[in-house]
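A structural walkthrough
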Amino acid sequence: MNWIQLGYLCRLMSPISGLNKVQQEALSAPQHLEIYNDGQKSSPLATKIAKELKAAEGEQLQRLALNYVKLSSTLKEHTFDYKTKLLYLCVLFSVFILVNFIYQQFVIPSLSDVFGQFDVQVIEHMANLARFWLIASIALGLFLVIILLTINGLRQFANLSLLSASSAQFGLIIPNKIRQNYDALVALIEFPLYGTLQKDNRELSHLKACQSNGLDITEELELLVANNLESLRGDITAHINRLITIFSILLVILIANFLVGAYEPLFLIGEIV
């Protein structure tokens, strides 16, 4: 069940539809829901809400349907387009690794032979440089893997594909602020189901007060969820951009260091000759 399908289900269950129980069940069959797949991935949170919706009856069912029918469009899948940036960095890093490998396997042995003929003691210096480039390349490669895993994990947060932040794979690499904001957002979305309050969560306390005073919270819930979701996705985008920027800077520094170290023996050969 994705969010678009949940919206369709809510429209069926809404009192505005005028459908009876039999008609609702007939139109909520899998062949009808599949039409609203829209290429979106299934969300455990949307599936959970759909199960609670089907289990509800009477006035509670109508209230839940009205609350979630508008939220479904707000919570639809979000796209982060980082493929071009990541592909460029991966290609650049791969080219650097290839050039580095060729230099160490073919150029350094040849230079060592030349310096050996002139009894110039720079072999140990080149060996230290080779070890440094190897260690730095492995470290940067691991950092790139962490970035890819982080982006994949953050997509789950951005698209509300998790029941809670603790259920995320590799959750430890996700910033604590994003995990806390995600759990607060899920609690806000689930408020019509359970009415649960969280400590220091002003939005939930506000919705509870609205309910207690007889105000329909449908509009308020949609607005609060939309604002919190926009803030969450903004934090996610900023974190991804920071990671890519840091990786780019480190890669430039490593390439510059490689170029300086690679040309140093060539200049020395010129002095000898």
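Above this text sits the structure in question.
So, a few notes on the structure that sits alongside this text. Please read all numbers here as calculations on a predicted model, not as lab measurements.

Side note on helix H5 (residues 58-74)
End to end, H5 covers 26 Å across 17 residues, agreeing with the expected 24 Å (1.5 Å per residue, within 8%). Where H5 bends most, at Tyr68, the angle is about 25°. Of all the positions in H5, only Leu61, Leu64, Ala65, Asn67, Tyr68, Leu71, Ser72 and Thr74 are classed as buried.

Thoughts on the packing of helix H1 (residues 3-13) against H5
It is the contact of H1 with H5, at a shortest axis distance of 8 Å, that shows an interaxial angle of 145°. Seen from above, H1 lies across H5 with left-handed handedness. Residue-level inspection shows Trp3, Gly7, Cys10, Arg11 and Met13 of H1 in contact with H5, the latter providing Leu61, Gln62, Ala65, Tyr68, Val69 and Ser72. When grouped by side-chain class, the residues that make up the contact of H1 with H5 number seven nonpolar, three polar and one charged.

A closer look at the packing of aromatic side chains
Tallied over the entire structure, the rule returns six aromatic pairs. The interplanar angle of 65° and the centroid separation of 6.1 Å between the aromatic rings of Phe93 and Phe247 together place this pair among those described as edge-to-face. Residue Phe93 is found in helix H6 (residues 83-117), and its partner Phe247 is found in helix H11 (residues 218-272); the two are separated by 154 residues along the sequence. Per residue, the accessibility class of Phe93 equals that of Phe247, and both read buried. Geometrically, the ring pair formed by Phe96 and Phe258 is edge-to-face, given 5.6 Å between the ring centres and 85° between the ring planes. Linking Phe96 in helix H6 with Phe258 in helix H11, this pair joins segments that are 162 residues apart in sequence. Using a relative accessible area of 5% as the deciding quantity, one classes Phe96 as buried. Cluster of aromatic residues (ring-pair linked, three or more members): Phe93, Phe143 and Phe247.

Things to note about the side chain of Ser14
Within the element layout of this structure, Ser14 appears in the loop between H1 and helix H2 (21-27). On the basis of relative accessible area, Ser14 is assigned to the buried category, the value being 5%. Beyond its immediate chain neighbours, meaning those up to four positions away, Ser14 contacts Ala65 and Leu66.

The rules we used
Residues numbered from 1 in each chain as written. Predicted model: local features only at pLDDT ≥ 70, side-chain atom pairs only at ≥ 80, totals over all residues. Heavy atoms only, no water. Helix = DSSP H or I, 4+ residues; strand = E, 2+ residues; numbered from the N terminus. Expected span 1.5 Å × (residues − 1). Bend = angle between axes of the 7 residues up to and from the residue. Buried < 20%, exposed > 50% of the residue type's maximum accessible area, 1.4 Å probe, protein only. Axes fitted to C-alpha atoms, helices over the stretch in contact; angles between N-to-C directions. Left-handed = near helix turned anticlockwise from the far one by under 90°. Contact = heavy atoms within 4.5 Å. Nonpolar A, V, L, I, M, F, W, Y, C, P; charged D, E, K, R; others polar. Phe/Tyr/Trp six-rings, centres within 6.5 Å; stacked < 30°, edge-to-face > 60°.

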